[in-house]
Amino acid sequence: MRIVVALGGNALLRRGQALTAENQRENVRVAAEALAPLAEGNELVITHGNGPQVGLLALQEAAYTEVDEYPLDVLVGETMGMIGYMIEQEMGNLLPFETPLATVLTMVEVDPADPAFDNPTKFIGPVYEEAEAKKNAEEKGWAIKPDGDMWRRVVPSPEPKRIFEVRPIRWMLENGAVVIAAGGGGIPTMYDRERHLTGVECVIDKDFCSSLLATEIEADVFVVATDADAVFLDWGTPDQTAIRKASPDMMDSYDFPAGSMGPKVSAAQKFARASGGRAVICALADIGAALRGETGTTISSDVTEIELVRG
């Protein structure tokens, strides 16, 4: 079975934790313990987020003023290598020595005509007082928006169109490798008017990119591993109900928060519709049980009646 697992941000950094190498490594070690069993007898691709890591690099860049700050596509590539290294090492400590592991620096094409470029919404980097944020915006050409009482830089978040490294990823899977790819939504790129590929100042949604990757490599299952046990209706109320199984069309009947579960559900729907495979949303520790349909939320076109679980 070919499986793509998208690790949520909590798999690398818990809320409130300092962004130290030690904290990240410990969290990656916990994630590896949940993922290693999937590599036995299956073909496994791991994707991951990188928001805090890019934010840290942006702070470090801003503190060093001797050279211009590096663009976002380069920062995404840097974090992809750093996080991939940690995942490789911790997975390698659990898997048989003969199991190859590889991190693929993954370029993802976006469309310059995507409407997201007209309305940047993705917060990145540190927070600023309003005056400093506006000064940075004027000097650096940033788009900025208020974030609570402070201000932050915002960048576009366009839809991924194509993943360039699909063929080598397939080849590695067919030759027994565990592959780490498309970290942070991939390195955003586009073709200019001369058909030259160039980097872009934007951020691609990690779950949407992972869904596209799962579709393009013809995965059997796409897993979104998050900090929630399942997708819930009436979350946080006495009536909260887990969706155990549903079809993509059934999920259209519900609205989920854009800042949390909404993109994960949309990514799962995209994969199920495009591939005919299963998408699973579950807690990281529950992946095995969720693949057996015992927990989590399974979204598949094969489901004919929605299954709900109270509590």
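Here, the structure is the one placed above.
Please read these numbers as outputs of a predicted model, since none were measured by experiment.

### Here we look at the overall build of the protein chain
Scanning the protein chain from N- to C-terminus turns up nine helices and 17 strands. In summary, the protein chain has a C-alpha radius of gyration of 19 Å against a globular reference of 19 Å for 311 residues, a match within 12%. Projected onto its principal axes, the C-alpha positions of the protein chain cover 55 × 50 × 45 Å. In the protein chain, buried positions account for 51% of the 311 residues. Here the contacts in the protein chain between residues at least 6 apart in sequence split such that 74% fall between residues at least 24 apart. In the protein chain, 27 side chains carry a positive charge and 48 a negative one; their mean positions are 2 Å apart.

### Quick notes on the side chain of Asp 114
Summarising the element assignment, Asp 114 is placed in the loop between β4 (107-110) and β5 (122-128). Summary of buried charges: Asp 114 has no salt-bridge partner, and the nearest side chain of opposite charge, Lys 161, is 9.0 Å away. From its side chain, Asp 114 meets the backbone nitrogen of Glu 159 in a polar contact 3.0 Å long.

### Brief notes about the side chain of Thr 189
Here Thr 189 lies in strand β10 (residues 187-191). For Thr 189, a relative accessible area of 3% puts it in the buried group. Each residue touching Thr 189, except ones within four places of it in the same chain, is listed here: Met 107, Val 108, Glu 109, Val 110, Phe 164, Leu 197, Thr 198, Gly 199 and Val 200.

### Here we look at the pairing of β10
In terms of burial, β10 is largely enclosed, as four of its five residues are buried. Inspection of the sheet shows β4 paired to β10 by three bridges, in the parallel sense. Bridge assignment links Glu 109 to a residue of β10, and that residue is Thr 189. For β10 and strand β11 (residues 197-199), the ladder comprises three bridges, and the chain directions are antiparallel.

Each value, and the rule that gives it
- Residues numbered from 1 in each chain as written.
- Predicted model: local features only at pLDDT ≥ 70, side-chain atom pairs only at ≥ 80, totals over all residues.
- Heavy atoms only, no water.
- Helix = DSSP H or I, 4+ residues; strand = E, 2+ residues; numbered from the N terminus.
- Rg over C-alpha atoms; globule rule 2.2 N^0.38 Å.
- Buried < 20%, exposed > 50% of the residue type's maximum accessible area, 1.4 Å probe, protein only.
- Contact = heavy atoms within 4.5 Å.
- Lys, Arg positive; Asp, Glu negative; His and termini not counted.
- Charge placed at Lys NZ, Arg CZ, Asp CG, Glu CD.
- Salt bridge = Lys/Arg side-chain N within 4 Å of Asp/Glu carboxyl O.
- Polar contact = N/O pair within 3.5 Å; in protein donor to acceptor, adjacent residues only side chain to side chain.
- Pairing = 2+ DSSP bridges.

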